[in-house]
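Chain by chain, the residues run as shown.
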Amino acid sequence: MAINKENYEKIIAELDSKATLVAVSKTKPVEDIQALYDLGQRDFGENYVQELVDKEALLPKDIRWHFIGHLQSNKVKYIAPFVHLIHGVDSDNLLKEINKQAIKNNRTIDCLLQVHIATEETKFGFSEKELHQLQGLNELSNVSIKGLMGMASFSSDMNLVRSEFKKLKVLYEKVNAQFSILNSQFSILSMGMSGDYKIAIEEGSNMVRIGSLLFGERNYSK
Ligand SMILES: *Cc1c(COP(=O)(O)O)cnc(C)c1O
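Since this is a predicted model, take the numbers as computed values, not measurements. (Residues numbered from 1 in each chain as written. Predicted model: local features only at pLDDT ≥ 70, side-chain atom pairs only at ≥ 80, totals over all residues. Heavy atoms only, no water.)

### Some words on the environment of Arg42
- Among the structural elements, Arg42 can be located in the loop between α2 (30–38) and β2 (43–46).
- Spatially, the C-alpha atom of Arg42 lies 8.3 Å from that of Val22, the residues being 20 residues apart in sequence.
- If near-sequence neighbours (up to four positions away) are discounted, Arg42 is found in contact with Tyr37, Asp62, Ile63 and Arg64.
- Polar contacts involving the side chain of Arg42 include one to the main-chain carbonyl oxygen of Tyr37, which spans 2.9 Å. (Helix = DSSP H or I, 4+ residues; strand = E, 2+ residues; numbered from the N terminus. Contact = heavy atoms within 4.5 Å. Polar contact = N/O pair within 3.5 Å; in protein donor to acceptor, adjacent residues only side chain to side chain.)

Encoded structure:
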């Protein structure tokens, strides 16, 4: 078995149902996902549309699929029929497209707004200012904004990582107050990965996205 059962059980115990574990299975085979499923895991995260579509077709239907990558508008239609939660929404136009595809599929799609918290330039997401300026969310009949998602800097400086998570938590509370009139379902703060999930939990995360601790390091070269 290629999955790390020991880590899985340790993390489940640590989270102690205070945070949802999204098992990030990108680049990993369906056999590994099935193995974790057999241990009871139901929330899985993928970054690439085609890979997600292929895996969804082969795996049990009660898996909750999270899309955590950067989503291009023209690909929303492929995951709209089944996706459970889209974490990385980073533009108004993407939201509108998700709404359109949700209507076509006669369902509501849950989304998180991605916020740019890292000091690095490369991470996608809304800035705080853009977030406050978001207009017309209440016109989107078939999208439900459930919360925020963020990624800390890829850094060994844990003080930096902690300060970024703190910033996101403060913003989450602010936006929560602002959106609660439109949407009483605002309840998810998705932050924390294999290297920093403990800090994220300490700083108020209630959803962590963990890959390599569960499935081993990823090899992108094959
Ligand atoms: C790959 C990925 C993860 C998981 O990363 P690990 O370090 O393997 O836990 C979490 N979130 C996002 C957005 C990712 O792309």
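### Quick word on the nonpolar core
- Counting residues in hydrophobic clusters, the biggest one holds 59 residues, and the most contacted among them are Ile86 and Leu148.
- For this core, the element with the most residues is helix α7 (residues 158–179), which contributes 6 residues.
- Every residue in contact with Leu148, bar those within four places of it in the chain, is listed here: Leu112, Leu113, Val115, Leu131, Leu168, Leu171, Tyr172, Phe186, Ile188, Leu189 and Ser190.
- Residues Val22, Leu85, Leu112 and Ile188 belong to the second largest nonpolar core, which totals 6 residues. (Core = buried A, V, L, I, M, F, W, Y, C linked by side-chain atoms within 4.5 Å. Buried < 20%, exposed > 50% of the residue type's maximum accessible area, 1.4 Å probe, protein only.)

### Focus: the site of the ligand
- Neighbouring residues of the ligand: 13 residues in total, closest Lys26, Asn47, Ser194, Gly211 and Arg218.
- For the ligand, an oxygen atom lies 2.7 Å from a polar atom in the side chain of Asn47.
- Here the ligand has 390 Å² of accessible area as a free molecule, and 90% of this is covered by the chains.
- Tallied by class, the residues present in the shell around the ligand amount to 6 nonpolar, 4 polar and 3 charged. (Near = heavy atom within 4 Å. Areas by Shrake-Rupley, 256 points an atom, 1.4 Å probe, with all protein chains shown as cover. Nonpolar A, V, L, I, M, F, W, Y, C, P; charged D, E, K, R; others polar.)

### Some words on the packing of aromatic side chains
- Counted under the stated rule, the structure contains 2 aromatic pairs.
- A centroid spacing of 5.4 Å and a plane angle of 25° characterise the contact between Tyr172 and Phe186, whose relative ring orientation is stacked. With Tyr172 in helix α7 and Phe186 in the loop between α7 and β7 (188–190), this residue pair connects regions lying 14 residues apart in the sequence. A single burial state applies to Tyr172 and to Phe186, both of which are buried.
- Lying over the aromatic face of Tyr37, Arg42 brings its terminal NZ or CZ to 3.6 Å of the ring centre. (Phe/Tyr/Trp six-rings, centres within 6.5 Å; stacked < 30°, edge-to-face > 60°. Lys NZ or Arg CZ within 6 Å of the ring centre and 35° of its normal.)

### Examining the side chain of Arg209
- Structurally, Arg209 is set in strand β8 (residues 207–210).
- At a separation of 2.9 Å, a polar atom in the side chain of Arg209 contacts the side chain of Ser190.
- For Arg209, the contacting residues outside a window of four places in its chain are Val22, Val24, Ile68, His87, Met149, Gly150, Met151, Ser190, Met191, Gly192, Met193 and Ser194.

### Side note on the pairing of strand β4 (residues 85–89)
- Among the 5 residues of β4, 5 are classified as buried, and the element is accordingly described as predominantly covered.
- Looking at chain direction, strand β3 (residues 64–67) and β4 are connected through 2 bridges and run parallel. Its bridge partner being in β4, Phe67 is matched across the sheet by Ile86.
- Sheet topology note: the β4/strand β5 (residues 109–115) ladder contains 3 bridges and is parallel. In the strand pairing of β5, Leu85 is matched with Asp110. (Pairing = 2+ DSSP bridges.)

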